[in-house]
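Observations on the three-dimensional arrangement
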Amino acid sequence: MSEQATSEQTPPSTQKQPQSVVNRRQPYPQGFLDTISQGWAERPEQMPPLREQAPYAAARRAAVSEAFPGKRLVIPAGSLKQRSNDTDYPFRAHSAFTHLTGWASDAEPDSVLVFEPNGDGHDVTLYFRERADRTTAEFYADATIGEFWIGPRPALPGIAGELGVATAHLDAFEPGEDDLVVDEHDDLTRFVSELRLTKDAYEVAQMRLAIQVTADGFDDIIRELPRIIEHPRGERLVEGVFHQRARSDGNWEGYDTIAASGPHACFLHWTRNDGPVLPGDLILIDAGAEVDSLYTADITRTLPVSGTFTPIQRRVYETVREAADAAFAVARPGVRFREVHAAAMEVLARRTAEWGLLPVTAEEALDADRGGQHRRYMVHGTSHHLGLDVHDCAQARREMYYDGVLEPGMVFTIEPGLYFQIDDLTVPEEYRGIGVRIEDDILLTEDGPVNLSSALPRTADEVEAWMARLRG
Ligand code: GLY
Ligand code: MN
């Protein structure tokens, strides 16, 4: 499918075309140009109802307006990014834009949300490239945005009605010199990131949905294990099986799936996924479906490929679970975020010392200044905020995040692990090549943590029973 020329005089769209496209363009004959705009049925303007998320987005916009009186604020959705010639990555709007508009998987590239000071507060307008009508060349000749190519695009009144915000054509948007722009202005970037530290009822419901889809994806992987084991790149099949579920029941994955079998499990973000999945090994699967609202899950389970843990695998697995349980036990409103991590680390220091892996005692390893010897086996953190981004609220200040105090409404992961690299001479041979992580998604309430991902089995016994049940 390649683009055709309209005529020398008619630009094919309001967007600048790359020279490579211009060079390849074939002319449209005059008969086509004379007739293409005619003979189409009227499109009655649909007025769909206000979307469920609209009142929540309005409350968030009110908070932003109040924090930046008199300032003109710009929150861009972002643009398409080229993957290679004539092909772009799937568009995914900036999380701050989605949070403040409620416009998610169907958001238009290049849109901008603008807060215009009005003396009293702000007038808020969502600018986007409205669909071109059928008298324009864009409609039939522009492969990037033309409706003939990519399908229907939204009209201004429809989006205004659905999202409850004023809309205007992108051509009417004029950037100003004093604009505060997200990702270009630190205070605004920080504010909209910290605004997401606690989730509202709509967000929690969407997280539950993302977790449900993810749980179904893990079930799919277990069911497909016989086929996965047979394939020389079984890890790719794991990735593909999960992708099918994420796409069929959601929008995409919230991040690249980690399908790490055998010693690959010791690489924390192994996404190359080109290895085999062999009976006798463990496979660490870290995956999260992003639903249409763009909220994502982030769940890790480590499975014995054959369906049963060996004694040493079980020992490592249950220690990681013990660390996760210790983290759950301290997660309460008023506790600092970093104390959750400390609780998990204490278990890992004690166990690795007990196993004779550390050159120091557990107490020495836990010393804030001189310790940390156990961290060789888990270099990452235990928790991160989760929401529209898998690592949500990443621009929040340290005192609001790592040193911050837990509050009801926060959603974060608990994900300790133990990773014994295949060539780590500090551990006995039987440990080498074993990597385990268990990751759950937590909603903090007044009463403590709720494990949103509790539908996925966690203990070694439960995991074995889960696999036995699904594999028949
Ligand atoms: N799921 C990948 C990570 O949390 O970094
Ligand atoms: Mn995570």
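Just above, that's the structure.
Okay, so let's go over this structure. (Residues numbered from 1 in each chain as written. Chains lettered and ligands numbered in written order. Predicted model: local features only at pLDDT ≥ 70, side-chain atom pairs only at ≥ 80, totals over all residues. Heavy atoms only, no water.)

1. Section: the pairing of strand E18 (residues 440–445)
- By the criterion of burial, E18 is predominantly enclosed, with five of the six residues buried.
- In this sheet, E18 lies alongside strand E15 (residues 411–414) in antiparallel orientation, the contact comprising four bridges. The residue bridging valine 411 from the neighbouring strand is leucine 443, located in E18.
- Bridging between E18 and strand E19 (residues 448–451) involves four bridges; their strand directions are antiparallel. Paired with leucine 443 across the bridge in E19 is valine 450.
- The loop that links E18 with its antiparallel partner E19 comprises two residues. (Buried < 20%, exposed > 50% of the residue type's maximum accessible area, 1.4 Å probe, protein only. Helix = DSSP H or I, 4+ residues; strand = E, 2+ residues; numbered from the N terminus. Pairing = 2+ DSSP bridges.)

2. Quick notes on helix H9 (residues 201–223)
- Over its 23 residues, H9 extends 33 Å from the first C-alpha to the last, a length consistent with the 33 Å expected when each residue adds 1.5 Å.
- Taking the backbone nitrogen of tyrosine 202 as reference, a side-chain oxygen 3.2 Å away marks aspartate 200 as the first, capping residue of H9. (Expected span 1.5 Å × (residues − 1). Polar contact = N/O pair within 3.5 Å; in protein donor to acceptor, adjacent residues only side chain to side chain.)

3. Here's the deal with the site of ligand 1
- Surveying the vicinity of ligand 1 reveals the residues Tyr255, His269, Asp286, Asp298, His384, His391 and Glu415.
- Among the detected pockets, ligand 1 sits in the second largest pocket. (Near = heavy atom within 4 Å. 1 Å grid on protein atoms, 1.4 Å probe; cavity = no way out; pocket = protein on both sides within 12 Å on 5 of 7 lines; lining within 4 Å. Sits in = over half its atoms within 2 Å of the grid points.)

4. What to know about the packing of aromatic side chains
- Applying the stated criterion across every chain, the model contains 20 aromatic pairs.
- Look at tyrosine 28 and tyrosine 140: their rings are 5.4 Å apart centre to centre, the planes differ by 80 degrees, and that puts the pair in the edge-to-face class. Placement of the pair is tyrosine 28 in the loop between strand E2 (26–27) and helix H2 (30–35) and tyrosine 140 in helix H5 (residues 137–141), with a sequence separation of 112 residues. Tyrosine 140 carries the same exposure label as tyrosine 28, and that label is buried.
- Look at phenylalanine 139 and phenylalanine 148: their rings are 5.2 Å apart centre to centre, the planes differ by 40 degrees, and that puts the pair in the tilted class.
- Judged by relative accessible area, which is 5%, phenylalanine 139 ranks as buried. (Phe/Tyr/Trp six-rings, centres within 6.5 Å; stacked < 30°, edge-to-face > 60°.)

5. Focus on the coordination of the manganese ion (ligand 2)
- The protein atoms that coordinate the manganese ion (ligand 2) are Asp298 (OD), His384 (NE2), Glu415 (OE) and Glu439 (OE), at distances spanning 2.0 to 2.3 Å.
- Positions of the donor residues of the manganese ion (ligand 2), expressed as sequence spacing, correspond to D-x85-H-x30-E-x23-E. In this pair, histidine 384 sits in the loop between helix H14 (362–365) and E15 while glutamate 439 sits in the loop between strand E17 (434–437) and E18, placing the two residues 55 residues apart along the sequence.
- Judged by relative accessible area, glutamate 439 falls into the buried class, the value being 0%. (Donors = N, O, S within 2.8 Å, 3.2 Å for Na, K, Ca; no water.)

6. Things to note about the sheet that holds strand E8 (residues 166–169)
- Across the sheet, which stays open at both edges, the five strands sit in the order E8-E7-E6-E3-E9 with mixed pairing between neighbours. The outermost strands of the open sheet, each flanked by one partner alone, are E8 and strand E9 (180–181).
- As defined by bridge partners, strand E6 (residues 112–117) adjoins strand E7 (residues 122–128) across six bridges and the pair is classed as antiparallel. By the bridge assignment for E7, phenylalanine 115 is matched with valine 124.
- Packed onto the sheet, helix H3 (residues 54–67) meets strand E3 (73–76), E6 and E7 and runs at close to 45 degrees relative to E6. (Contact = heavy atoms within 4.5 Å. Axes fitted to C-alpha atoms, helices over the stretch in contact; angles between N-to-C directions.)

7. Structural notes on the pattern of salt bridges
- Evaluated as defined, the whole model comprises 36 salt bridges.
- With a closest N to O distance of 2.8 Å, lysine 199 and aspartate 392 form a salt bridge. Taken together, the residues lysine 199 in the loop between helix H8 (186–194) and H9 and aspartate 392 in the loop between H14 and E15 connect sequence positions 193 residues apart. For the pair shown, lysine 199 and aspartate 392 are each scored as buried. (Salt bridge = Lys/Arg side-chain N within 4 Å of Asp/Glu carboxyl O.)

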